[in-house]
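A structural walkthrough
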Amino acid sequence: MGHPHTSSTGRQAVASIDGRALAQAYAAAAEALAANAAALNAINVFPVPDGDTGTNMSLTMREAIAAIPTGGAGAADVARSAADAALMGARGNSGVILSQVLGGIASGCEGASDVDARRLAACLERACTAACNVVSEPKEGTILTAISAAADAATARAREDATAEDALAAAVEATRDAVARTPDLLPVLKEAGVVDAGAQGLYLVLEAALSSLRGERPPAHAEGLGHIDDGWLAATARAHAAPGAGAGFCTEFVLTSPSVDTERLRDELHEFGDSVLVVGKESLARVHLHTHDPQAAIEHSRAFGDVSREKFDDLAMQVGALAAQQRVAGGPAVIAVVAGAGIERLFGSMGARVVRGGQTMNPSAGDIRRAIEEAGGDAIVLANNKNVVLAAEQAVTGLDQRAAVVPTHSVPQGVAALVAFNSELSWEQNVDAMREAASAVRTAEVTFAARPARIGETDVAEGSPIGIVDGEIVAAGDDVADVARDCVRAMLEGSDEPLVTLYAGEDADPAATQALAATLREEFGAEVEVIDAGQPHYPYVIGVE
Amino acid sequence: VPVHVVTDTTADIPRDLIDELRITVVPLTVAFGEESFRDGIDINTEEFYERLRTTKVLPTTAQPPPALFQHAYEHLCSTGDVVSVHLSHKLSGTIAAARTAAAEVAPGRIDVVDSASASMGTGLCAIAAARAAAAGASREQCAAAAESVAARMHVLVAFETLEYLRRGGRIGRAQAFVGGLLGVKPILTVKDGEAFPVTRVRSRAKAIDQLFSLCSRFDRVAEVAVLHTTTPDDAQGLAARAREALPGVTVHLGRFGPVLGVHGGPGMLGIAVVEGDPAATSQGSRP
């Protein structure tokens, strides 16, 4: 047993931990994990960002303390019953590691009625070994780094004639430093702007145990915007991964007032959209939601406090930009020539880089070449218009990079080619797959005759709807929808299980478009997808596969 | 010494085969918030999908605690050796828990095999080990049988969306297929034990054709499994086509259990094809 030491408050440091004190320390740890479970979930990005580290550690600790016998048990019994229950009830990866930590402590306590500094150090050493053994590929920057730091510090301190409290205090301090180091050791943490959730969980456990030993309340965490920022990136990233994400605007802002009713705000914001996150304290909250009407959501929130730091992002573009950013290192880039905001969003949402141009505004070879050079590495260019193919061919000659043109003549062909793109495959494989996919698509364009014409037996007046299939006029009439239907009929000959994609132009009436889609489904048994593409001049562009 | 085969519930082995081959199945956990269920014990597959339709809390999954494996191993080791076959360590900590328990109970008498796959991709490996065990093979031979099937395993899975896989953190290299305003059906495989993008198609019919194409890719096929989460008709149709194309080859038809259901989502349809073993002779071949 170590000699009693006197702390700065005049209270004598606890020389050794008996069964009762250990049970109390475990209970305090369970409470701390429960209180911080959501915060730990929010920063959980490794090994898989499934956001359950806090819940798993908390539930595992809860199982452990429920099994501790009441009244008079020695440290060995307390530690063993907690460890056994944790091993059986361990939930998830982080729960299993925590159960191993408790198991190590129990084996270190074997036969002891109380735990002095040396024994505490031995417990943490064994906890460290047990935790490392359970992980198939131990990594630095995780809970393993933290438990190892705790064990080392406690062992060093125990050599110096210290109390159990001294050794635990040294362990807590070392763990705090280790947690702070985790982003430097594990790049995925740094990218997400977080510390490791499991390591932080272990820190909370040790800190709560120390506070309990000292007869104090564990310090509260999660204060102020700085701390909220820690978990924010991970929490919002998960919101974007949730089913249904991908429509509307990702909206974020900060709300300040003497007292923000965060729960009511959260409930009310659900009226405006989904993926609602409200994180913070009464005086300061950070808000995130996905909504089609960011302004309405913000106006509504003003009733709760002052709004600042507003930020909106188009979700579809955000996801596409992310995909483009995460392009496999050295993998090929796709550059698409597009006209119209809707088409731009469509190609952008699937990770292509876009060059604006098209029917009436062809981009120069130089424009395309610049986009290829900006992308760097291997490149594949989708022309998406017959009149752009030559400029694209010219752009890819004499480059230092490998670049090829997939000579798509239309947006439907370009989309088919982009769908066939797989950044995990080689540039050559992609060029082949994309050419093949594009060639399997027929395209119709519905537009208006620029001058009087005669098609077969029919006279077409200037300004009447006409249908062009793969460059030839095949249909004319008075009604845009009828012409569209005639085009589809012409393209469908001989194909079964057709897929029709209807690209609605800026002049197309949404109700008429839906009616047309319904007709096509019924008349041709086709699967029909409508894209709000917003192209000029053409009420409809139609792809058939 | 008799050999006992252990696997986990994600292997999706049909009930009758589990009974017939006396395979021990350790459950993973699926949780709706704080409410935990042991897969196949506290909740069955049908109940799970029913609950998934109505739940507001999105479920999460968790590996079995090592102690569960420990109990199973202790029990089985009293009458024989053990071969324990599990899903890829890149997808779950299950196999790490199994290894921990094996080292604790009887190192040297328990072989833990990483199938580097999931669902029946794992299940068919465990089945091969169990068949070898039933034929009186040694522990080493049973483990080798499982590893041989793992090496000849080819898997294709069609998804309605990758959002579930991404949300659960199991997207792997299929990240490249995430996103887009079009209704595309991503098709993935399992490569080096994790999700890997193969292709994207625009319609369900084409997705099913892609899956079926795996049946005609090999000179000889040993065994096939077709699985679904919520589309029994698609699965039956695909299995029927496989049976027609591969006369004499066993084609299992089953359902992804809760754990894979959580990570794949509704509409997930998969096929696992075991290529014929060049060393063996008594296998079905393509006409």
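Residues numbered from 1 in each chain as written. Chains lettered and ligands numbered in written order. Predicted model: local features only at pLDDT ≥ 70, side-chain atom pairs only at ≥ 80, totals over all residues. Heavy atoms only, no water.

Remarks on the overall build of chain A
When you go through chain A residue by residue, the secondary structure sums to 20 helices and 18 strands. For chain A, buried positions account for 54% of its 545 residues. Summarising the internal contacts of chain A: among those between residues at least 6 apart in sequence, 68% fall at separations of at least 24. Counting every atom, chain A has about 23200 Å² of accessible surface; 49% of that belongs to carbon and sulfur. (Helix = DSSP H or I, 4+ residues; strand = E, 2+ residues; numbered from the N terminus. Buried < 20%, exposed > 50% of the residue type's maximum accessible area, 1.4 Å probe, protein only. Contact = heavy atoms within 4.5 Å. Areas by Shrake-Rupley, 256 points an atom, 1.4 Å probe, with all protein chains shown as cover.)

Structural notes on the nonpolar core
With 63 residues, the main nonpolar core has Ile17(A), Tyr26(A), Met61(A), Ile105(A) and Leu168(A) as its most contacted residues. Within the residue set of this core, elements represented by two or more residues are α1 (19-42), α2 (53-66), α3 (75-89), α4 (92-109), α5 (117-134), α6 (143-158), α7 (164-185) and α9 (197-213) of chain A. The contact partners of Met61(A), leaving out residues within four places of it in the chain, are Tyr26(A), Ala29(A), Ala30(A), Leu33(A), Leu98(A) and Leu102(A). Among the nonpolar cores identified, the runner-up in size contains 56 residues, and Leu87(B), Ala129(B), Leu162(B) and Val274(B) belong to it. (Core = buried A, V, L, I, M, F, W, Y, C linked by side-chain atoms within 4.5 Å.)

Brief notes about the pairing of strand β4 (residues 35-38) of chain B
Regular strands place side chains that alternate from one sheet face to the opposite one. Residues and elements named next belong to chain B. Note that strand β3 (residues 29-32) and β4 share 4 bridges and pair antiparallel. Bridging across to β4, Ala31 finds its partner in Ser36. Count of turn residues in the β3/β4 antiparallel hairpin: 2 residues, of which Gly33 carries a positive phi of about 60°. (Pairing = 2+ DSSP bridges.)

Quick look at the confidence of the model for chain B
Residues at a pLDDT of 70 or more form 97% of chain B, whose mean pLDDT is 91. Among the scores for the predicted complex, ipTM is 0.79 and pTM is 0.72. (pLDDT = per-residue confidence, 0-100.)

Some details on the sheet that holds β4(B)
Residues and elements named next belong to chain B. Spatially, the 3 strands line up as an open sheet ordered β4-β3-β5, and their pairing is antiparallel. Two strands lie at the open edges of the sheet, namely β4 and β5 (60-62), each paired on one side alone. The sheet shows a mean angle of 30° between the axes of neighbouring strands, direction not considered. (Axes fitted to C-alpha atoms, helices over the stretch in contact; angles between N-to-C directions.)

Quick look at the packing of aromatic side chains
Residue and element names in this part refer to chain B. All told, the structure shown has 4 aromatic pairs over all chains when counted by the stated rule. On the basis of an interplanar angle of 35° and a centroid distance of 5.9 Å, the ring pair of Phe69 and Tyr73 is categorised as tilted. Of the two residues, Phe69 and Tyr73 are both situated in helix α3 (residues 66-77); the distance of 4 residues between them amounts to about one turn of the helix. An identical accessibility class is assigned to Phe69 and Tyr73; each is buried. Taken together through their ring pairs, the aromatic side chains of Phe32, Phe37, Phe48 and Tyr49 make up a single cluster. Cation over ring: Arg241 sits above Phe212, and NZ or CZ is 4.4 Å from the ring centre. (Phe/Tyr/Trp six-rings, centres within 6.5 Å; stacked < 30°, edge-to-face > 60°. Lys NZ or Arg CZ within 6 Å of the ring centre and 35° of its normal.)

Considerations on the sheet that holds strand β17 (residues 527-532) of chain A
Each strand in a sheet pairs with its neighbour through backbone hydrogen bonds, running either in the same direction (parallel) or in the opposite one (antiparallel). Residue and element names in this part refer to chain A. Strand order in this open sheet of 6 strands is β15-β14-β11-β18-β16-β17, and the pairing throughout is mixed. The outermost strands of the open sheet, each flanked by one partner alone, are β15 (472-476) and β17. In this sheet, adjacent strand axes meet at a mean angle of 20° when their direction is disregarded. Taken together, the 4 bridges between strand β14 (residues 465-469) and β15 define a ladder with antiparallel strand orientation. Note that in β15 the partner of Ile468 across the bridge is Ile473. Lying over the sheet, helix α19 (residues 480-492) contacts β11 (442-448), β14, β15, β16 (499-504) and β18 (540-544), oriented at roughly 160° with respect to β11.

What to know about the environment of Ser148(B)
Structurally, Ser148(B) is set in helix α6 (residues 139-151). Through-space distance from the C-alpha of Ser148(B) to that of Cys125(B) is 8.0 Å; in sequence the pair is 23 residues apart.

Side note on the pattern of salt bridges
Between side chains of opposite charge, a pair can form when the charged atoms approach closely. Summed over all chains, the structure comprises 35 salt bridges over all chains. Across the pair Glu160(A) and Arg157(A) runs a salt bridge whose closest N-O atoms are separated by 2.8 Å. Between Glu529(A) and Arg202(B) there is a salt bridge, and its shortest N-O distance comes to 3.3 Å. Separated into two different chains, Glu529(A) in strand β17 and Arg202(B) in the loop between β10 (194-201) and α8 (204-213) make up a pair that spans both. Summarising the burial analysis for this pair, Glu529(A) and Arg202(B) share the class buried. One continuous salt-bridge network, built from bridges that share partners, spans Asp482(A), Arg485(A), Asp486(A), Arg489(A) and Glu523(A). (Salt bridge = Lys/Arg side-chain N within 4 Å of Asp/Glu carboxyl O.)

Remarks on the pairing of strand β9 (residues 185-191) of chain B
Residue and element names in this part refer to chain B. Of all 7 residues making up β9, 5 are buried, and the element is well covered by its neighbours. Both strand β8 (residues 153-158) and β9 contribute to a ladder of 2 bridges, which runs antiparallel. If you follow Val157 over to β9, its bridge partner there is Leu188. Pairing between β9 and β10: 7 bridges, direction antiparallel. The residue of β10 that forms the bridge with Leu188 is Pro197.

Some points on helix α18 (residues 427-439) of chain A
Residues and elements named next belong to chain A. For α18, with 13 residues, the first-to-last C-alpha span of 18 Å sits near the 18 Å given by 1.5 Å per residue. Every buried residue of α18 is accounted for by Trp427, Asn430, Val431, Met434, Ala437 and Ala438. For α18, the buried positions fall inside an angular range of 135° around the axis, keeping them on one side. Residues of α18 that are exposed and point over 90 degrees away from its buried face: Asp432, Glu436 and Ser439. Residues of α18 that are buried make contact with β7 (333-338), β9 (379-382), β10 (403-406) and α17 (411-420). (Expected span 1.5 Å × (residues − 1). Arc of directions from axis to C-beta.)

Some words on the packing of α7(A) against α9(A)
All names here are of chain A. Axis separation between α7 and α9 bottoms out at 9 Å; the angle between their running directions is 155°. Classed by the angle they form, the pair α7 and α9 counts as roughly antiparallel. Both α7 and α9 take part in a crossing whose hand is left-handed. Note on element contacts: α9 touches α7 through Ala199, Gln200, Leu202, Tyr203, Leu206, Glu207, Ala209, Leu210 and Leu213, opposite Glu165, Leu168, Ala169, Val172, Thr175, Arg176, Val179 and Thr182. (Parallel < 35°, antiparallel > 145°, perpendicular 65-115°, else oblique. Left-handed = near helix turned anticlockwise from the far one by under 90°.)

What to know about the state of the cysteines
All names here are of chain A. Per the stated rule, a full pass over the model turns up 0 disulfides over all chains. In this structure Cys123 is not part of a disulfide, and its nearest cysteine sulfur, from Cys109, lies 3.7 Å away. Assessed through its relative accessible area of 2%, Cys123 is described here as buried. The thiol sulfur of Cys132 is not disulfide-bonded, and the nearest other cysteine sulfur, from Cys128, lies at 4.4 Å. Judged by relative accessible area, Cys132 falls into the partly exposed class, the value being 27%. (Disulfide = S-S within 2.5 Å.)

So, the environment of Leu269(A)
Residues and elements named next belong to chain A. Summarising the element assignment, Leu269 is placed in helix α11 (residues 262-269). On the basis of relative accessibility, which here comes to 0%, the residue Leu269 falls in the buried class. Ignoring sequence-local partners within four residues, the contact set of Leu269 consists of Val276, Val278, Val287, Leu289, Ala297 and Ser301.

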